Amino acid sequence: MHLPRSRPRLLAALLFTPFLAGCFASGGDGDGGAADTKDGSRLRVALAFPPAENLSPYGADATILSRLGVTEGLTALDANGAAVPALAASWRRENGRSWLFTLREAVFQDGTDVTPAAVAASLTHATEAKPAPAALSGVTLTAKAEGAVAVRVTTDAPDPVLPLRLSSPSLAILSPKAYDAKGAADPAGTATGPFELTDIEGSTGARLDRFDDYWGGRAQASGIDARFIADGTARANALRTGQLDLAEAIPVAQAATLEADTRRETATTRTTSLLLNARSGAFKEASLRAAARAAVDTSALAEGVYEKHADAGTGIYGPAVTWAAGKRVPPTTSARPGKPAGASITLATYDNRPELPEVAQVLKQQLEKAGFTVELKVGEYSRLESDALAGKFDAFVLARNTLVDTGDPVAVLAGDHTCAGGFNIAQLCDKSVDATVANAERTADTARRQDAAMAAEAAILRTDAVVPLVHQRVITGVDPRVSGVLLDPYERTLVGTGTRR
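So, here's what we can say about the structure. Quick caveat: nothing in here was measured; it's all calculated off a predicted structure.

Cut-offs applied
- Residues numbered from 1 in each chain as written.
- Predicted model: local features only at pLDDT ≥ 70, side-chain atom pairs only at ≥ 80, totals over all residues.
- Heavy atoms only, no water.
- Helix = DSSP H or I, 4+ residues; strand = E, 2+ residues; numbered from the N terminus.
- Areas by Shrake-Rupley, 256 points an atom, 1.4 Å probe, with all protein chains shown as cover.
- Lys, Arg positive; Asp, Glu negative; His and termini not counted.
- Charge placed at Lys NZ, Arg CZ, Asp CG, Glu CD.
- 1 Å grid on protein atoms, 1.4 Å probe; cavity = no way out; pocket = protein on both sides within 12 Å on 5 of 7 lines; lining within 4 Å.
- Points joined across faces, edges and corners; volume = space filled by probe spheres on them.
- Nonpolar A, V, L, I, M, F, W, Y, C, P; charged D, E, K, R; others polar.
- Pairing = 2+ DSSP bridges.
- Axes fitted to C-alpha atoms, helices over the stretch in contact; angles between N-to-C directions.
- Buried < 20%, exposed > 50% of the residue type's maximum accessible area, 1.4 Å probe, protein only.
- Left-handed = near helix turned anticlockwise from the far one by under 90°.
- Contact = heavy atoms within 4.5 Å.
- Salt bridge = Lys/Arg side-chain N within 4 Å of Asp/Glu carboxyl O.
- Polar contact = N/O pair within 3.5 Å; in protein donor to acceptor, adjacent residues only side chain to side chain.
- Parallel < 35°, antiparallel > 145°, perpendicular 65-115°, else oblique.
- Disulfide = S-S within 2.5 Å.
- Core = buried A, V, L, I, M, F, W, Y, C linked by side-chain atoms within 4.5 Å.

### Here's the deal with the overall build of the chain
From N to C terminus, the chain includes 15 helices and 17 strands. Oriented by its inertia axes, the alpha-carbon framework of the chain measures out at about 65 × 60 × 40 Å. Surface summary for the chain: the accessible area is close to 19,600 Å², and the carbon and sulfur share equals 51%. Where the 52 positive side-chain charges of the chain centre and where its 58 negative ones centre are 4 Å apart.

Following this line, the structure appears as structure tokens:
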């Protein structure tokens, strides 16, 4: 059974046009020719984030691979957030700690069969990765082959959402040939998805070809020419001038420049938050975190910066998590706002999502009005991530999809906001928070788990280390000739077997 920056000026965009034309002028771009018509056009896709970790499947790059149709796991998520079959055709819970997953017939892109031994080895490599994938935060699992078609996955403690957890892009299944002697994983030609990664051009682009032996059927597009273009205005301009078929994360400032039939707006489970370093610097003091929280006007961000393409922040989970509003517990902070008295802070964010630098600029003004002295730092995400995780900034503006790692509402709390969390940019370590999150992790019943997640959310917000700013709707640019684009609130998918031009 299945269990379930400032805005860039137009000149900047125009300056990018020759560059992008060069990127997509290579042969076989799908603009014509008999072979293209017969075999399906190649798709020209622009992604906002260049690889930060050499396309390792264990970190932030995992969603690049899943969005391009390269990797997949044992399970996937449906539109309602339930686990559905992927490489596993079915599964059942044997006892509190053990699950048996029955595999479908499938092959890796290197031509070898997807076997229980290969799947178990792949999951074992993921458990040994350093740092551990976010989907495994707080969880220890063991995978072993069971007979000719099944894999038994056992956890050290009962994990009622294991099928959801195994849908994480960071737990994608790769062939034995993917791993080197140190356990590093190379997804090129070793995954199972409908598109095979055949060439990587550093941080600028990648080429993917159709994998004809994909278990889910032959993809309609013959391949993908992907470019990593951090400048959102450049992405929109390239789509508008016919150089792209798909462009993710169109800036709200550019939305009106696209024809209505080129814009697709999707409510997502992504929340943009102000994360305050609770371990060191000015915001180690709870009263100054409270002062910062009190200084923030979220409506000015939703209506101004996002031009109503976002909702004012109400919590870690936004409107796309449909059950959250009815279960939300109002947080009550124990700290009273202190007087900043010119306290110096460094506020950082990244420009891959073009609205974030503008959000940070507005926050800078609001915090300075409250009495802080603010230095603003903006850069590309891949250049900032390690410093952010090391606590080198006092404050960080992050757009985080709260359900991308596992689909489980508790997982992001454990990974981002507990002492042992692997993505704890706020450097939060609070015993009360850890206890409430641990309670949520132990809760199996779906409704009660949701209640426990909201109690944990309230405990986190009480610390003022996390200030929800806006709940985002994502605008994807899609050429009208393109059909079958996969848009979902978890932002795990984009291109699939039915995506074509």
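### Description of empty space enclosed by the protein
The space that makes up the largest cavity amounts to roughly 130 Å³. Every residue lining the largest cavity is counted, 13 residues in all, and those nearest its centre are Ser273, Leu275, Arg400, Asp416 and His417. For the lining of the largest cavity, the secondary-structure elements that each account for two or more residues are strand 12 (263-276), strand 16 (395-401) and helix 13 (411-417). Among the residues forming the lining of the largest cavity, the class breakdown is seven nonpolar, four polar and two charged.

### Some thoughts on the sheet that holds strand 7 (residues 150-155)
Pairing between sheet strands relies on hydrogen bonds along the backbone, with the strands arranged either parallel or antiparallel. The sheet built from four strands is open, its strands ordered 4-5-7-6 with antiparallel pairing. Strands at the two margins of the open sheet, each flanked by one partner only, are strand 4 (88-93) and strand 6 (141-146). Pairs of neighbouring strands in the sheet enclose a mean axial angle of 20 degrees, with direction left out of account. In this structure, strand 4 lies alongside strand 5 (residues 98-103), joined through five bridges in antiparallel fashion. Counterpart to Arg92 in the pairing with strand 5 is Leu100.

### A short note on the pairing of strand 16
The buried fraction of strand 16 is high, at seven of seven residues. Judged by which residues are buried, strand 16 turns out to be covered on both faces: Ala395, Val397, Ala399 and Asn401 on one side and Phe396, Leu398 and Arg400 on the other are all buried. Looking at chain direction, strand 14 (residues 344-350) and strand 16 are connected through two bridges and run parallel. Paired with Leu347 across the bridge in strand 16 is Ala395.

### Focus on the environment of Pro131
Within the secondary structure layout, Pro131 lies in the loop between helix 4 (116-128) and strand 6. C-alpha of Pro131 to C-alpha of Ala52: the two residues are 79 residues apart in sequence and 14 Å apart in space.

### Side note on the packing of helix 9 (residues 298-305) against helix 11 (residues 355-370)
Two numbers describe how helix 9 lies on helix 11: the axes approach to 11 Å, and their chain directions differ by 140 degrees. Taken as a pair, helix 9 and helix 11 cross one another with a handedness that is right-handed. Contacts from Ala300, Leu301 and Val305 of helix 9 reach helix 11 at Glu355, Glu358, Val359, Val362, Leu363 and Gln366. For the contact of helix 9 with helix 11, the class distribution of residues is six nonpolar, one polar and two charged.

### Remarks on the pattern of salt bridges
In total, this model carries 25 salt bridges according to the counting rule given. With a closest N to O distance of 2.7 Å, Glu248 and Arg67 form a salt bridge. Here the residue Glu248 occupies a position in the loop between strand 11 (246-247) and helix 7 (252-255), and Arg67 occupies one in helix 3 (residues 62-67), the gap between them amounting to 181 residues. Each member of the pair, Glu248 together with Arg67, is buried. Notably, a salt bridge pairs Glu491 with Arg353, separated by 4.0 Å at the nearest N-O pair. Separated by 138 residues along the polypeptide, Glu491 in the segment after strand 17 (466-478) and Arg353 in the loop between strand 14 and helix 11 bring together distant segments of the chain. On the accessibility criterion, Glu491 (10% relative accessible area) is buried. On the basis of relative accessibility, which here comes to 8%, the residue Arg353 falls in the buried class. Connected via shared salt-bridge partners are Arg42, Arg207, Asp209 and Asp225.

### Let's talk about the environment of Thr402
Relative to the helices and strands, Thr402 is located in the loop between strand 16 and helix 13. Sequence separation between Thr402 and Asp231 is 171 residues, and the spatial gap between their C-alpha atoms is 24 Å. Excluding residues within four positions of it along the chain, Thr402 makes contact with Thr269, Thr271, Ile316, Tyr317, Val321 and Val412. Engagement of the side chain of Thr402 in a polar contact is seen with the backbone oxygen of Thr269, the distance being 2.9 Å.

### A word on the packing of helix 14 (residues 431-442) against helix 15 (residues 446-462)
Axis separation between helix 14 and helix 15 bottoms out at 8 Å; the angle between their running directions is 170 degrees. Classified by the angle their axes make, helix 14 and helix 15 are roughly antiparallel. Two packed elements cross with a definite hand, and for helix 14 against helix 15 that hand is left-handed. Listed contacts from helix 15 to Val433, Thr436, Val437, Asn439, Ala440 and Glu441 of helix 14 are Arg449, Ala452, Ala453, Ala456, Ala459 and Ile460. Here the contact of helix 14 with helix 15 is built from residues that sort into eight nonpolar, two polar and two charged.

### Focus on the state of the cysteines
Following the criterion strictly, the structure yields one disulfide and no others. Between the sulfur atoms of Cys419 and its disulfide mate Cys429 the distance is 2.0 Å. Its S-S torsion of about 100 degrees marks the bond between Cys419 and Cys429 as right-handed, since a negative value means left-handed. Of this pair, Cys419 sits in the loop between helix 13 and helix 14 while Cys429 sits in the loop between helix 13 and helix 14, and the two are 10 residues apart along the sequence.

### Some remarks on the environment of Pro85
Residue position: Pro85 is located in strand 3 (residues 83-85). The class of Pro85 is partly exposed, set by a relative accessible area of 26%.

### Examining the nonpolar core
Counting 141 residues, the largest nonpolar core has Leu74, Leu274 and Phe372 as its most contacted members. A per-element tally of this core places helix 15 first, with seven residues. With sequence-adjacent residues up to four places away left out, Leu74 is seen in contact with Pro85, Ala86, Leu87, Ala88, Phe101, Leu103, Val119, Leu123, Leu166 and Ile173.

### Some details on the side chain of Thr155
Residue position: Thr155 is located in strand 7. Of the polar contacts made by the side chain of Thr155, one reaches the backbone oxygen of Ala157; its length is 2.6 Å. The residues touching Thr155, leaving out its near neighbours within four places in the chain, are Arg97, Val139, Thr140, Leu141 and Leu162.

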